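Tertiary structure, described
Each chain, letter by letter, is given below.
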4 protein chains.
Amino acid sequence: MQPPETRPLGRPRSERARRAVLDATLALAEEEGPAGLNMEAIARRANVSKETLYRWWRSKTEVVLEALAERGQRTIPLPDTGSLQDDLGAFLRATVDSADPTTVRLLHAVAAAAAADEAVAHEVRDRFLVTRRAALGQLLGRAVARGDITSSYAALAIDLIYGCLWYRLIFDVGPLDYGWADEVADGIAGTQGPRDVTVG
Amino acid sequence: MQPPETRPLGRPRSERARRAVLDATLALAEEEGPAGLNMEAIARRANVSKETLYRWWRSKTEVVLEALAERGQRTIPLPDTGSLQDDLGAFLRATVDSADPTTVRLLHAVAAAAAADEAVAHEVRDRFLVTRRAALGQLLGRAVARGDITSSYAALAIDLIYGCLWYRLIFDVGPLDYGWADEVADGIAGTQGPRDVTVG
Amino acid sequence: MQPPETRPLGRPRSERARRAVLDATLALAEEEGPAGLNMEAIARRANVSKETLYRWWRSKTEVVLEALAERGQRTIPLPDTGSLQDDLGAFLRATVDSADPTTVRLLHAVAAAAAADEAVAHEVRDRFLVTRRAALGQLLGRAVARGDITSSYAALAIDLIYGCLWYRLIFDVGPLDYGWADEVADGIAGTQGPRDVTVG
Amino acid sequence: MQPPETRPLGRPRSERARRAVLDATLALAEEEGPAGLNMEAIARRANVSKETLYRWWRSKTEVVLEALAERGQRTIPLPDTGSLQDDLGAFLRATVDSADPTTVRLLHAVAAAAAADEAVAHEVRDRFLVTRRAALGQLLGRAVARGDITSSYAALAIDLIYGCLWYRLIFDVGPLDYGWADEVADGIAGTQGPRDVTVG
DNA sequence: CGGTAAGCGAGACGGTACGTCTTGTCTTATT
DNA sequence: AATAAGACAAGACGTACCGTCTCGCTTACCG
């Protein structure tokens, strides 16, 4: 029994080139910002031909998305304390931690591309947002299972939370720090807010 | 003594050109979306020289912003029923109503420009978002005054709500319709969600 | 009465750019040969944008043709001695004189482009060859008028002579010097060749 | 004593691949002309790897030259009627016959490559033109032997005739048909032309 | 019969030129 | 002075072909 994993024909893809491209993308994003982040520059920096770049990534956004995904693999842990608010707080603090300046710049570039082109928006949604949403959904799902929140509220909460995050990110309406993480955890999980009042 | 309001020398600015530019911007946004919305196209469509365009608006974003401001000032009415959820529901339904396809495409263009350039983001925030946030803030303020919610929750709610709106708008994560308006009103104002549970 | 010659609207074409392009073309042809003669290089050398290059010349061949035409307009004098052979000899010697290395390289580039693309070939024929052929035709026409040669022979001679010239140029089959000029003049005008023999 | 013809080690060259390449070259030349005749396309068409192509032919010109040689070796017969003009006419008519569209396109490709690169020009001259020139030289040599023309005129005539042929071929200055063949035979061998006149 | 030395297909690679596009500046004559 | 027209420099875009390379597979022969 041979492994059914039969190698494809031809010269195998160069892992070196792939790494160089993703590293160059992150480096350029860090040093130049989204403005200086173009395919020409990535290719030059990575010592890779544009041919190779376009062979594996159809657009700049695809490159950025993959670079982001790779770096995001320092997975934001999914806490499970039995308390929605504590879980949410920890999750959002970890999310905030992962948003170093380079990542933030990349997210800006991604948002710009998505806003400008619906096809890109869908790509971003389906190849990047979806994983984060799934993680948060899992966390909220536990609260639903406990009966702490309804499932429809959980579904909405994902949009409220990530919406708030991107909103602040794009328009610089407020900081994304531990304070924000705790406020959102509190506001969504709800010891504060309307509920006390409603009771009365 | 001359009148202090001394007319500037030379040919006065052409109101015709200004109107044509703003109209062309709206028309292009509607017909082509953010992709086809470039200075060249605006000038061509408006029968205006690029020179004139750049004389009066330093960038595409300024044009878009001004076009938006002109059309967007149909102020959304602030309902006052005594119930936060009802007020919020009515306000968000009105907001949804104002989001016709043309406006949505313009908002895409604005978001794209803001995401790509922090200075633009601040401009958008301070010249466009601020009035919307103030309106919602006023609505929420009444609930704070009634003691229905805390003021810090009100502040957060603004970000959650508008964040959710832009998030759906940019990434096409879900619809922006009456259903959404009611869900958000419910989720934020809170008969549903964690509160029942907290009570128990 | 104003001159009916009304200037076209807009910024006039930059003579500086035109000159720079044609000069750069000649310089590159001289220094690099047909291989290094590409649009990118011409634009770089002339400090002109590719946009400008492509605005005024649709292809490399058009640039080369115009550069050639400019330099080639030192019209080769049409001698008129009453003797076809003398006229032809003088004309071909002058033609040989005009074929300095730069011109020769340009002619190579033109021939390459013409051979590769029939449309280019026709362009070259109608915009460049035609004037040369006309000149030679005029010279031969005088011999026809004198009754020295038939007009059909004159027509053929044009092809034979210029054909021989390009043939040697392209395939380096033999030199293009005064010796060649005299041989061809002799061979075509004919004191040598079949005629003596035919007499006998 | 071993046979000096010792088979080389390893897998022998695939005759199938060689044939496929040459056939593909001819087919592409016929269907696409010199423009679509590139190594990538030849390899694709022949179901042969570019590696194989470059192993056996160092350049496109070598492939084309070999393809031409294969098909062109239907040696044009050398007539011997005792009359230069008749011989020439027959030879040129046969030459014209051999210039079917495919061959013509190949010749265009060869001319383009030769014009663009002197090394290629020499290769073409020494590997392709030379045999044609030799044939025509032999034909003219008989006329020289008969004393009909001088040997220097014969040498020139080769250039005049083939020059005229390539000139018409490359620049489409006139047809290459029996009419042309007869005119050239007449013009070179010379019952017409200057000679009658010279007599008088 | 198993080892060794090519040839071969597939196809990725770095490189370079292409021709198009958009941005923002400039130079005219006209209003 | 503002305008319409439009040329200009700059530079990224995505495509195409070049000639080289790296694989695994396929012939041959040779010991």
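Residues numbered from 1 in each chain as written. Chains lettered and ligands numbered in written order. Predicted model: local features only at pLDDT ≥ 70, side-chain atom pairs only at ≥ 80, totals over all residues. Heavy atoms only, no water.

Remarks on the overall build of chain A
Defined as follows: Numbering goes from the N terminus for both helices and strands, where a helix is a DSSP run of H or I of at least four residues and a strand is a run of E of at least two. Here the term buried applies to any residue with accessible area under 20% of the maximum for its type, exposed to any over 50%, and partly exposed to those in between, with areas from a 1.4 Å probe on protein chains only. Here the Shrake-Rupley method, with its probe set to 1.4 Å, supplies the accessible areas, and only the displayed protein chains count as covering residues. The convention is simple: Lys and Arg are positive, Asp and Glu are negative, and His and the chain ends are not counted. Here the site of a charge means NZ on Lys, CZ on Arg, CG on Asp, or CD on Glu.
Of regular secondary structure, chain A possesses ten helices and zero strands. Seen in sequence order, chain A has helices and strands lined up from the N terminus as α-α-α-α-α-α-α-α-α-α. For the C-alpha atoms alone, the extent of chain A along its principal axes is close to 70 × 50 × 30 Å. Across the 200 residues of chain A, 50% fall into the buried class. Split by element, the accessible area of chain A, about 9600 Å² in all, is 53% carbon and sulfur. The averaged location of the 28 negative side-chain charges in chain A is 8 Å from the averaged location of its 24 positive side-chain charges.

A closer look at unusual backbone geometry
All names here are of chain B. Even without being glycine, Asn47 reaches a positive phi, approximately 50°. Following the sequence through the fold, Asn47 ends up in the loop between helix H2 (39–46) and helix H3 (50–56). Asn47 sits in the exposed class, given a relative accessible area of 65%.

Here we look at the arrangement of the chains
To keep it simple, the criterion reads: Any two residues whose heavy atoms approach within 4.5 Å at even a single point are treated as in contact.
Between chain B and chain C there is no contact, and the shortest C-alpha to C-alpha separation is 10 Å. The least C-alpha distance between chain A and chain D, which are not in contact, is 10 Å.

As for the relation of the copies chain A and chain B
Copies of the same chain, two in number, are related to each other by a rotation about an axis and a translation along it. We apply this condition: When the copies are superposed, the least-squares fit draws on C-alpha atoms of residues that have pLDDT of at least 70 in both.
With an RMSD of 1.0 Å, the fit of chain A onto chain B corresponds to turning through 180° and sliding 0.2 Å along the axis. Given the turn and translation reported, the copies of this chain are related as if by a two-fold rotation axis. A share of 100% of interface residues in chain A that are also interface residues in chain B marks the association as one of identical surfaces.

Things to note about the protein's contact with DNA strand F
In plain terms, the rule: Proximity is defined per residue: any heavy atom of the residue falling within 4 Å of a molecule or strand makes that residue near it. Polar contacts here mean pairs of N or O atoms no more than 3.5 Å apart (in protein, one a potential hydrogen donor and the other a potential acceptor; neighbouring residues in sequence count only if both atoms are side-chain atoms).
Around DNA strand F, a shell composed of 44 residues is seen, among which Tyr54 of chain A, Arg55 of chain B, Gly10 and Trp56 of chain C together with Tyr54 of chain D lie nearest. Looking at DNA strand F alone, sugar and phosphate atoms form 61% of those within 4 Å of the protein. Here a base nitrogen of DNA strand F and a side-chain polar atom of Ser49 of chain B are 3.2 Å apart. Within the side chain of Tyr54 of chain D, a nitrogen or oxygen atom sits 2.6 Å from a phosphate oxygen of DNA strand F. When residues of the surface near DNA strand F are traced back to their parent elements, those giving at least two are helix H2 (39–46) and helix H3 (50–56) of chain A, H3 of chain B, helix H3 (50–56) of chain C together with helix H2 (39–46) and helix H3 (50–56) of chain D.

Details of the interface of chain A and chain B
Here is the rule: In short, buried area is how much 1.4 Å probe accessible area vanishes from two parts on joining, totalled over both. Salt bridge, as used here: a side-chain nitrogen of Lys or Arg that lies within 4 Å of a carboxyl oxygen of Asp or Glu. Ten residue types, Ala, Val, Leu, Ile, Met, Phe, Trp, Tyr, Cys and Pro, are classed as nonpolar, four, Asp, Glu, Lys and Arg, as charged, and the remainder, Gly among them, as polar.
Contact residues are listed per partner, giving 44 residues for chain A and 47 residues for chain B. Each partner contributes to the roughly 4000 Å² buried at the junction of chain A and chain B, and carbon and sulfur atoms together form 67% of this total. Taken together, the connections running from chain A to chain B amount to four salt bridges. Salt-bridge contacts for Arg125 of chain B lead to Asp172 of chain A; the nearest nitrogen and oxygen are separated by 3.9 Å. Where chain A meets chain B, there are eight residue pairs in polar contact (both at pLDDT 80 or more). Contributing elements (two or more residues each) for the side of chain A that touches chain B: helix H6 (101–116), helix H7 (118–146), helix H8 (151–171), helix H9 (178–189) and helix H10 (194–199) of chain A. Taken together, the residues of the side of chain A that touches chain B sort by class into 25 nonpolar, ten polar and nine charged.

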